[in-house]
Amino acid sequence: MARRAANTDMISSDTIREVRKIRSLTKRADRLAESAHAGQVRRGTDGQPYIEHCRRVARAALDVFKSAHLHALGLNPHDVAAAALLHDAVEDAGVLPVHLLQAGISSVAVDWVHVLTRPKVEPYDDYIRRILNASTAVKLIKICDIVDNLADEPSNAQVEKYRRALVTLCGI
């Protein structure tokens, strides 16, 4: 049996524990989102469970997170994944932020979910301007959400609304 030449080839047990913790917490957020959106389906699909939208948003946000090295900004990938998975739970499923905290979701992720939640009385364009002034993670999640929304057969009015939002958030 060959021995490793140097300790640098081995992953520390602390790193393994941290990876397992992040996976466990992300799974918890996924289960919460799945429960919150149970029975809901996406528009423009043939009955696709709503949770799939949340999972696509989370995957897209994590892909950008990794490729843009956003950890250098001090962002935690678990918080990004949890907030992306739960981004519609308060607004569309009536989950209270306190319940997310009680379920073990970090206060950072819950704060981001709160910012991502648009009160019914807030006009959409005002909401997007509010998101523009939020954290990098919130903007990233919202952009991924909009891009995924554009894939679900939006109406012409929705396409225009999302176009304006992307122009505002991306500065294009």
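Up top is the structure these notes are about.
This write-up is about the structure you can find in this document. (Residues numbered from 1 in each chain as written. Predicted model: local features only at pLDDT ≥ 70, side-chain atom pairs only at ≥ 80, totals over all residues. Heavy atoms only, no water.)

1. Comments concerning the packing of aromatic side chains
A ring pair, where both rings are aromatic, is described by two values, the distance of the centres and the angle of the planes. The cut-off we apply is this: The pairing test for Phe, Tyr and Trp rings, Trp by its six-membered ring, is centres within 6.5 Å, and the orientation test on the planes gives stacked under 30 degrees, edge-to-face over 60, and tilted for anything in between. Strands here are runs of E lasting at least two residues and helices are runs of H or I lasting at least four, both read from the DSSP assignment and numbered beginning at the N terminus. Relative accessibility under 20% of the residue-type maximum defines a buried residue, over 50% an exposed one, and the middle range a partly exposed one, all with a 1.4 Å probe and only protein chains included.
In this structure the tally under the stated criterion is 2 aromatic pairs. Between tyrosine 124 and tyrosine 127 the ring centres are 5.8 Å apart and the planes differ by 50 degrees, which places this aromatic pair in the tilted class. One end of the pair is tyrosine 124 and the other is tyrosine 127, both in helix 7 (residues 124-132) and 3 residues apart, which spans about a single turn. The pair formed by tyrosine 124 and tyrosine 127 is uniform in burial state, with each residue classed as buried. Relative to tyrosine 162, the ring of tyrosine 124 lies with its centre 6.4 Å away and its plane at 70 degrees, an arrangement referred to as edge-to-face. Placement of the pair is tyrosine 124 in helix 7 and tyrosine 162 in helix 9 (residues 156-170), with a sequence separation of 38 residues. Here tyrosine 124 matches tyrosine 162 in class, with each residue buried.

2. Overview of the packing of helix 7 against helix 9
Note the threshold: To obtain an axis, a line is fitted to C-alpha atoms, over the contacting stretch when the element is a helix, and the angle between two such axes runs from 0 to 180 degrees between their N-to-C directions. Reported orientations rely on four angle classes, namely roughly parallel under 35 degrees, roughly antiparallel over 145, roughly perpendicular from 65 to 115, and oblique for the rest. For a crossing to be left-handed, the near helix must be turned anticlockwise from the far one by less than a right angle; the clockwise case is right-handed. Whether two residues are in contact is decided by their heavy atoms: any pair within 4.5 Å suffices. Residue type decides the class: Asp, Glu, Lys and Arg count as charged, Ala, Val, Leu, Ile, Met, Phe, Trp, Tyr, Cys and Pro as nonpolar, and the leftover types, Gly among them, as polar.
Put simply, helix 7 and helix 9 touch, their axes get as near as 10 Å, and they point 25 degrees apart. On the basis of the axis angle, helix 7 is roughly parallel to helix 9. The two elements helix 7 and helix 9 meet at a crossing, and its hand is right-handed. Residue-level inspection shows Tyr124, Asp125, Ile128, Ile131 and Leu132 of helix 7 in contact with helix 9, the latter providing Lys161, Tyr162, Arg164, Ala165, Thr168 and Leu169. Residue composition of the contact of helix 7 with helix 9, by class: 7 nonpolar, 1 polar and 3 charged.

3. Brief notes about the side chain of histidine 53
Note the following rule: N or O atoms closer than or at 3.5 Å make up a polar contact, with two conditions inside protein: a donor-capable atom paired with an acceptor-capable one, and, for residues adjacent in sequence, both atoms drawn from side chains.
Along the chain, the position of histidine 53 falls in helix 2 (residues 51-67). In this structure the side chain of histidine 53 is engaged in a polar contact, spanning 3.4 Å, whose partner is the side chain of arginine 42. Within the structure, histidine 53 has its side chain in polar contact with the side chain of histidine 87 (distance 3.2 Å).

4. Structural notes on the environment of leucine 86
For leucine 86, the position within the fold is in the loop between helix 3 (77-85) and helix 4 (89-93). The class of leucine 86 is buried, set by a relative accessible area of 0%. Residues leucine 86 and valine 113, 27 residues apart in the sequence, show an inter-C-alpha distance of 6.6 Å. With residues up to four places along the chain from it excluded, the contact list for leucine 86 reads Ala29, Leu32, Ala33, Leu100, Ile105 and Val113.

5. Comments concerning the packing of helix 3 against helix 6 (residues 107-116)
A pair of packed helices can be characterised by two numbers: the angle between their axes and the separation between those axes. Where helix 3 meets helix 6, the closest approach of the two axes is 8 Å, and the angle between their N-to-C directions is 35 degrees. For helix 3 against helix 6, the interelement crossing comes out right-handed. Each of Asp79, Val80, Ala82 and Ala83 in helix 3 lies in contact with helix 6, whose residues at this interface are Val108, Ala109, Trp112, Val113 and Leu116.

6. A look at the pattern of salt bridges
Which entries qualify depends on this criterion: A pair is scored as a salt bridge if a Lys or Arg side-chain nitrogen falls within 4 Å of a carboxyl oxygen belonging to Asp or Glu.
Across all of its chains, the model carries 12 salt bridges by this definition. Linking arginine 163 and glutamate 160 is a salt bridge whose minimum nitrogen-to-oxygen distance equals 2.7 Å. Of the two residues, arginine 163 and glutamate 160 are both situated in helix 9; the distance of 3 residues between them amounts to about one turn of the helix. For arginine 163, a relative accessible area of 42% gives the class partly exposed. Residue class for glutamate 160 comes out partly exposed when judged on its relative accessible area of 33%. In this structure, glutamate 160 engages arginine 164 in a salt bridge whose closest nitrogen and oxygen atoms are separated by 3.9 Å. One end of the pair, glutamate 160, and the other, arginine 164, are both in helix 9, 4 residues apart, so they sit about a helical turn from each other.

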